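So you can see what is in the structure, the chains are spelled out below.
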Amino acid sequence: MAVNLTELSLPQLEGLKTQLDQETEFLSSSIGQLKVVQTKYVEAKDSLNVLNKSNEGKELLVPLTSSMYVPGKLNDVDHVLVDVGTGYFVEKVSQDFAHLDNSLKTFPNKCHFFFLSFQNVEDGKEFFKRKIDFLTKQIEKIQPALQEKHAMKQAVVEVMNMKLQQLHSQQASQSGTTKA
């Protein structure tokens, strides 16, 4: 149902603008969160390039925090844990763990692991590519709604400004006639 904005009062327009502000903030925040997750998947996919037999046994730095590392050795190029948020990890393992496919395991440290199998690093890369593509599609779905909300908000602001100018003109003409 289309509403003629010029028929709304200033308080109604202010309420509509507030609602549109909240909706655009929510959509912008959603897109931002999806992009953060998408970036993590891109980084994870790119990191799988070091998982090959020629790098097995090589030394590397293992992050303890975002700025603290300890020396380590790449002993297993067949297993990776993927942090999917809120204490959940996906362990991507080689074919010998196929019988654990899609089972949820809880370990003493309260981390949860989903066991999903893939044959090789290329399967892992394909897993991340699917996740990245999914997130890209979600962002592409939200983007038009965000643009529409911005356009609606702009239209509301323009009508509000027009009504305020009319109100000021009326007040000025009334004060001019009262002085005469």
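If you're wondering where the values come from, they're calculated on a predicted model, not measured in any experiment.

### Examining the overall build of the protein
- Each helix and strand in the protein was counted, giving two helices and six strands.
- Taking all 180 residues of the protein together, the buried fraction comes to 26%.
- Counting only contacts in the protein whose residues sit at least 6 apart along the sequence, the fraction spanning at least 24 positions is 55%.
- Of the roughly 12,500 Å² of accessible surface on the protein, a fraction of 56% belongs to carbon and sulfur atoms.

### Some thoughts on a nonpolar patch on the surface
- Together, L60, V62, L64, M68 and V70 make up an exposed nonpolar region whose accessible area comes to about 380 Å².
- Within the secondary structure, M68 sits in the loop between β1 (59-63) and β2 (69-73).

### Description of the pairing of β2
- The pairing of β1 with β2 spans five bridges and is antiparallel. Note that in β2 the partner of V62 across the bridge is V70.
- Linking β1 to β2, which pair antiparallel, is a turn of five residues.

### So, the environment of K163
- Note on placement: K163 falls in helix α2 (residues 121-179).
- A sequence separation of 154 residues divides K163 from S9, and the C-alpha atoms of the two residues are 8.6 Å apart.
- When near neighbours in sequence (up to four residues on either side) are disregarded, K163 contacts L5, T6, L8, L10 and L13.

### Topic: the nonpolar core
- The biggest cluster of nonpolar side chains holds 17 residues, and the ones touching the most others in it are I31, L34, Y41, L48, L51, F128 and I142.
- The element contributing the most residues to this core is α2, with eight residues.
- Non-local contacts of I142, meaning those with residues more than four positions away in its chain, are made with L27, S30, I31 and L34.

### Description of the pattern of salt bridges
- Here the structure, examined in full by the defined rule, presents five salt bridges.
- A salt bridge links D21 to K17; its shortest N-O distance comes to 3.0 Å. You can see D21 and its partner K17 sitting in helix α1 (residues 10-47), four residues apart, about one turn around the helix.
- The exposure class assigned to D21 is partly exposed, which follows from its relative accessible area of 26%.

### With respect to the packing of aromatic side chains
- Going through the model one piece at a time under the given rule, you end up with two aromatic pairs.
- Both rings, one in Y41 and one in F128, keep their centres 5.8 Å apart while their planes meet at 45°; by these two values the pair is tilted. Taken together, the residues span a long stretch of sequence, with Y41 in helix α1 and F128 in helix α2 at a distance of 87 residues.
- Here F128 falls in the buried class, since its relative accessible area comes to 2%.
- Measuring from ring centre to ring centre gives 5.1 Å for F127 and F128, while their planes differ by 75°; the resulting arrangement is edge-to-face. Comparing F127 with F128 shows no difference in burial state: the two are buried.
- Of the aromatic side chains, those joined through ring pairs into one cluster are Y41, F127 and F128.

Thresholds, definitions, all that
Residues numbered from 1 in each chain as written. Predicted model: local features only at pLDDT ≥ 70, side-chain atom pairs only at ≥ 80, totals over all residues. Heavy atoms only, no water. Helix = DSSP H or I, 4+ residues; strand = E, 2+ residues; numbered from the N terminus. Buried < 20%, exposed > 50% of the residue type's maximum accessible area, 1.4 Å probe, protein only. Contact = heavy atoms within 4.5 Å. Areas by Shrake-Rupley, 256 points an atom, 1.4 Å probe, with all protein chains shown as cover. Patch = residues over 30% accessible without salt bridge, like charges linked within 9 Å, V, L, I, M, F, W, Y side chains within 5 Å. Salt bridge = Lys/Arg side-chain N within 4 Å of Asp/Glu carboxyl O. Pairing = 2+ DSSP bridges. Core = buried A, V, L, I, M, F, W, Y, C linked by side-chain atoms within 4.5 Å. Phe/Tyr/Trp six-rings, centres within 6.5 Å; stacked < 30°, edge-to-face > 60°.

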